[in-house]
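Descriptive structure summary
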Amino acid sequence: MKPKLYNLPSYKTNTGCPRMLRIILYEKLTRIDFGHQTDSFYIRGGWVNIHPETFIRIHHSKEKLQMLKAENIPVKPDKHHFRSTVDNLYFTLYFPPLPDRYLSFDLIEDEPATTTLFNYYNIRINKAKAIELLNKI
Amino acid sequence: MSLNKEAYIRYKVIDECLTNRFVTYPTIQDLIAACERKLGKIFSVSAIQKDIKAMKEDDALGFLAPIKFSRQFNGYYYADTDYSINTIPLNSSDIEALDAVSDMLEAFTGSRISENFNQAVEKIFASLKEKKFQIGKKQRCIQTDTYNQQKGFENFERLLHAVANRIPVCFIHYSYKKRCFNSVITHPMLLKEFQNRWYLVAYSEQHKGLRTFGLDRIRDPLFLDKPFHEVDERIVNAYFSHIYGTYPWPGYKHQKIYFYASALMSDYIKANPIHESQKEHNVKSDGSIVFEVELIPSQELVNFFKQFSPDVVVLKPSPIVKAVEDALKTAFFRYRMNHHETQTV
């Protein structure tokens with residue numbers, strides 16, 4: 001199977017959460033890229049990290065995919081402190097492979113949801129919009 | 001001499017066959033087969049025989065390879081078993097030519113291109129060093145404007161590959177101006193340098209047109225397996241024919257821009273025209289000149305006027321005058337503010 005790109009997927013999340021930029025389905029894992037832009041809500045942009053128990057919950061299925069790896073963002077309790085209100089961070093989360101079909105899922109950092117958690121709901125994978133990649137991971 | 005690239009590959013293949021310790025005395029058919037495997041085309045016996053002759057006898061080529069034919073083993077061999085064309089030292093004209101550009105290459109590898117290119121150029125330096133010692137310590141002849149900590153060059157080779165092979169690319173782009181990340185699907189057309197910074201010019205699916213992306217703002221380019229959206233080369237060339245810099249103001253067409261330059265700056269601007277359309281519109285008795293250029297307004301043009309203010313003053317059109325004025329007012333205000341804040345630094 002060639003890796004598949006889902007660019008700029010649709011989803012629902014809290015204001016201030018990182019932007020989900022693209023989802024890439026590899027044969028053996030799922031990669032999700034995010035970009036975070038700080039604003040003046042927090043002093044000097046605040047800080048970020050990711051909960052180690054972050055998971056993907058596939059709709060209409062009991063399947064949960066536990067996060068395998070976080071790249072360029074610290075895993076809780078470590079923190080990345082921003083330096084200003086115009087700072088930014090690009091990071092990637094890796095999960096086990098998503099099924100290669102039409103589906104919707106949630107990406108949950110923790111529950112119950114709060115305004116500061118990176119929870120994303122109703123992320124849609126439309127197989128018709130997949131773009132195959134030439135290169136493998 | 002100008003050495004045909006394919007011929008040089010054949011010489012290398014023949015050399016590899018003749019230096020192979022495990023399969024000695026290759027026949028002419030072996031050599032033909034090896035060349036055909038490497039280059040994917042058919043070669044005649046006479047073509048390979050001509051190559052062998054050239055390797056043996058062509059002074060300009062410079063190999064003078066000791067290739068012999070063994071009747072006993074019905075194959076070719078090097079009379080000098082240590083010989084290989086790879087061990088041929090550079091001749092004097094090679095050295096002279098490489099020496100002239102080595103400083104430039106050194107600066108280039110230090111800042112602009114990726115590891116694979118660096119390695120290739122380092123091999124040339126290694127060859128040169130031995131000769132340099134023989135010539136004596138060489139004084140540096142060329143120094144280019146480089147800064148080794150520039151971001152984005154790690155993707156240079158990958159993007160160059162995409163441009164050369166017409167491969168669509170998806171990358172993460174961070175806009176300094178909008179302060180946001182985006183994931184864009186592009187069809188790369190060109191890599192362009194302006195004032196020691198590199199840019200990718202590509203057709204953007206999202207913008208449905210040509211766009212310029214600074215390499216320092218590009219992350220994680222991925223090659224896509226989809227048809228390439230070709231843009232006519234004339235359109236790509238026209239995109240840059242009326243611009244100073246890389247980021248034209250959206251929605252503006254090329255227009256006549258007039259600017260005053262003091263006598264001092266006029267000399268520099270005459271010696272280094274900012275664009276091929278540059279004309280001297282009005283020369284005054286004090287040596288100052290009003291220049292005319294025909295360009296699409298761009299951020300880099302505004303920066304140029306800011307940089308050389310007050311020796312350069314843009315006269316019209318009014319949107320550029322206002323952009324420069326606003327920037328200079330802001331700068332003046334910040335200098336005034338900082339004058340008070342310096343006490344706390």
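Look up: the structure comes first, before these words.
An account of the accompanying structure is given in this report. Everything quoted here is computed from the prediction, not taken from an experiment.

Some remarks on the overall build of chain B
Assigned secondary structure in chain B consists of 10 helices and 11 strands. Relative to its full complement of 345 residues, chain B shows a buried share of 39%.

Concerning the sheet that holds strand β11 (residues 312-316) of chain B
Residues and elements named next belong to chain B. Here 4 strands make up an open sheet; going across it, the order is β9-β10-β8-β11 and the pairing antiparallel. Each end of this open sheet is capped by a strand with a single partner; those strands are β9 (279-283) and β11. Direction aside, neighbouring strands of the sheet carry axes that sit 30° apart on average. Relative to strand β10 (residues 289-295), strand β8 (residues 255-261) runs antiparallel, the two sharing 7 bridges. For Gln255, the partnering residue across the bridge sits in β10 and is Leu295.

Re the state of the cysteines
Across all of its chains, the model carries 0 disulfides over all chains by this definition. Free of any disulfide, Cys17 of chain A has its nearest cysteine sulfur in Cys180 of chain B, 16 Å distant. Cys17 of chain A gets classed as buried once you look at its relative accessible area, which sits at 15%. This cysteine, Cys17 of chain B, is not joined by any disulfide, and Cys35 of chain B carries the nearest cysteine sulfur, 6.9 Å off.

Brief notes about the interface of chain B and chain A
Chain B puts 20 residues into the contact, and the matching count from chain A is 21 residues. Taking both partners together, chain B and chain A bury about 1,800 Å²; carbon and sulfur atoms supply 58% of that area. Taken as a group, Phe181, Leu222 and Asp225 of chain B account for 34% of the area that chain B buries against chain A, more than any other trio of residues on that side. Linking chain B with chain A are 2 salt bridges. Across the pair Asp220 of chain B and Arg31 of chain A runs a salt bridge, and its minimum N-O distance is 2.8 Å.

A word on the packing of helix α1 (residues 5-18) of chain B against helix α2 (residues 28-39) of chain B
Residues and elements named next belong to chain B. Where α1 meets α2, the axes come as close as 9 Å, and the angle between the chain directions of the two elements is 130°. With respect to α2, the axis of α1 lies oblique. Here the hand of the crossing between α1 and α2 comes out right-handed. Note on element contacts: α2 touches α1 through Leu31, Ala34, Cys35, Lys38 and Leu39, opposite Glu6, Ile9, Arg10, Val13, Ile14 and Cys17. Here the contact of α1 with α2 is built from residues that sort into 8 nonpolar, no polar and 3 charged.

Observations regarding the layout of surface pockets
Over the atoms rolls a probe the size of a water molecule, and its path tells where empty space is left. When its volume is computed, the largest pocket comes out at roughly 1,400 Å³. As for the largest pocket, its lining consists of 41 residues, of which Ser175, Lys177, Thr212, Arg217 and Tyr247 of chain B are closest to the centre. Those elements that place two or more of their residues in the lining of the largest pocket are β3 (169-175), β4 (180-194), β5 (197-204), β6 (209-214) and α9 (299-307) of chain B. Across the lining of the largest pocket, the residue classes tally to 19 nonpolar, 13 polar and 9 charged. In this model, the second largest pocket occupies a volume close to 660 Å³. At the level of secondary structure, the elements contributing two or more residues to the lining of the second largest pocket comprise β4 (30-37) and β5 (47-48) of chain A. Ranked by residues supplied to the lining of the second largest pocket, first place goes to β4 of chain A with 3 residues. Classifying every residue of the lining of the second largest pocket by side-chain character gives 8 nonpolar, 12 polar and 5 charged.

Looking at the pairing of strand β2 (residues 75-78) of chain B
Residues and elements named next belong to chain B. By the bridge criterion, 4 bridges tie strand β1 (residues 67-70) to β2 in an arrangement that is antiparallel. Residue Ser70 lies in a different strand from β2, and its bridge partner there is Gly75. Hairpin remark: β1 followed by β2, antiparallel, with 4 residues in the connecting loop; positive phi at Asn74, about 55°.

Let's talk about the nonpolar core
Grouped together as the largest cluster of nonpolar side chains are 28 residues, with contacts concentrated most on Ile23, Ile56, Ile73, Leu93, Phe105 and Leu107 of chain A. Looking at this core, the elements with two or more residues in it are β3 (19-25), β4, β6 (55-58), β10 (88-95), β11 (103-108) and β12 (120-125) of chain A. Here this core takes 4 residues from β10 of chain A, the largest share from any one element. Contacts of Ile23 of chain A, omitting those with residues within four sequence positions, involve Lys4, Leu5, Tyr6, Pro9, Thr30, Arg31, Ile32, Phe105, Ile123 and Ile125 of chain A. Judged by nonpolar contacts, the second largest core, of 24 residues, contains Leu31, Phe63, Tyr78 and Tyr83 of chain B.

Considerations on unusual backbone geometry
The amide bond that connects Lys76 of chain A to the next residue, Pro77 of chain A, takes the cis arrangement and shows omega of 15°. The phi angle at Asn122 of chain A is positive, at roughly 55°, despite the residue not being glycine. Structurally, the position occupied by Asn122 of chain A is in strand β12. What makes Asn122 of chain A partly exposed here is its relative accessible area of 24%. In the Ramachandran plot, Asp220 of chain B falls in the positive-phi region, its phi being about 45° despite a non-glycine side chain. Among the secondary structure elements, Asp220 of chain B is positioned in strand β7 (residues 218-223). With relative accessibility at 32%, the residue Asp220 of chain B sits in the partly exposed group.

Observations regarding the packing of aromatic side chains
Each aromatic ring pair is characterised by the separation of its centres together with the angle its planes make. Applying the stated criterion across every chain, the model contains 25 aromatic pairs over all chains. When the ring of Phe171 of chain B is compared with that of Phe213 of chain B, the centres are 5.2 Å apart and the planes differ by 85°; the resulting orientation is edge-to-face. Here Phe171 of chain B is found in strand β3, whereas its partner Phe213 of chain B is found in strand β6, with 42 residues between them in sequence. Like Phe213 of chain B, Phe171 of chain B is buried. Between Tyr199 of chain B and Tyr247 of chain B the ring centres are 5.7 Å apart and the planes differ by 85°, which places this aromatic pair in the edge-to-face class. Pair noted here: Tyr199 of chain B is in strand β5 and Tyr247 of chain B is in the loop between α7 (233-241) and β8, with a separation of 48 residues, a long-range link. Assessed through its relative accessible area of 27%, Tyr247 of chain B is described here as partly exposed. Members of the aromatic cluster, joined through ring pairs, are Phe194, Tyr244, Phe259, Phe291, Phe304, Phe305 and Phe308 of chain B. The residue whose ring lies beneath Lys64 of chain A is Phe55 of chain A, and the NZ or CZ to ring-centre distance is 4.3 Å. Positioned over the ring face of Phe240 of chain B is Lys192 of chain B, at 4.6 Å from the centre of the ring.

Calculation notes
- Residues numbered from 1 in each chain as written.
- Chains lettered and ligands numbered in written order.
- Predicted model: local features only at pLDDT ≥ 70, side-chain atom pairs only at ≥ 80, totals over all residues.
- Heavy atoms only, no water.
- Helix = DSSP H or I, 4+ residues; strand = E, 2+ residues; numbered from the N terminus.
- Buried < 20%, exposed > 50% of the residue type's maximum accessible area, 1.4 Å probe, protein only.
- Pairing = 2+ DSSP bridges.
- Axes fitted to C-alpha atoms, helices over the stretch in contact; angles between N-to-C directions.
- Disulfide = S-S within 2.5 Å.
- Contact = heavy atoms within 4.5 Å.
- Buried area = accessible area lost by both parts, 1.4 Å probe.
- Salt bridge = Lys/Arg side-chain N within 4 Å of Asp/Glu carboxyl O.
- Parallel < 35°, antiparallel > 145°, perpendicular 65-115°, else oblique.
- Left-handed = near helix turned anticlockwise from the far one by under 90°.
- Nonpolar A, V, L, I, M, F, W, Y, C, P; charged D, E, K, R; others polar.
- 1 Å grid on protein atoms, 1.4 Å probe; cavity = no way out; pocket = protein on both sides within 12 Å on 5 of 7 lines; lining within 4 Å.
- Points joined across faces, edges and corners; volume = space filled by probe spheres on them.
- Core = buried A, V, L, I, M, F, W, Y, C linked by side-chain atoms within 4.5 Å.
- Phe/Tyr/Trp six-rings, centres within 6.5 Å; stacked < 30°, edge-to-face > 60°.
- Lys NZ or Arg CZ within 6 Å of the ring centre and 35° of its normal.

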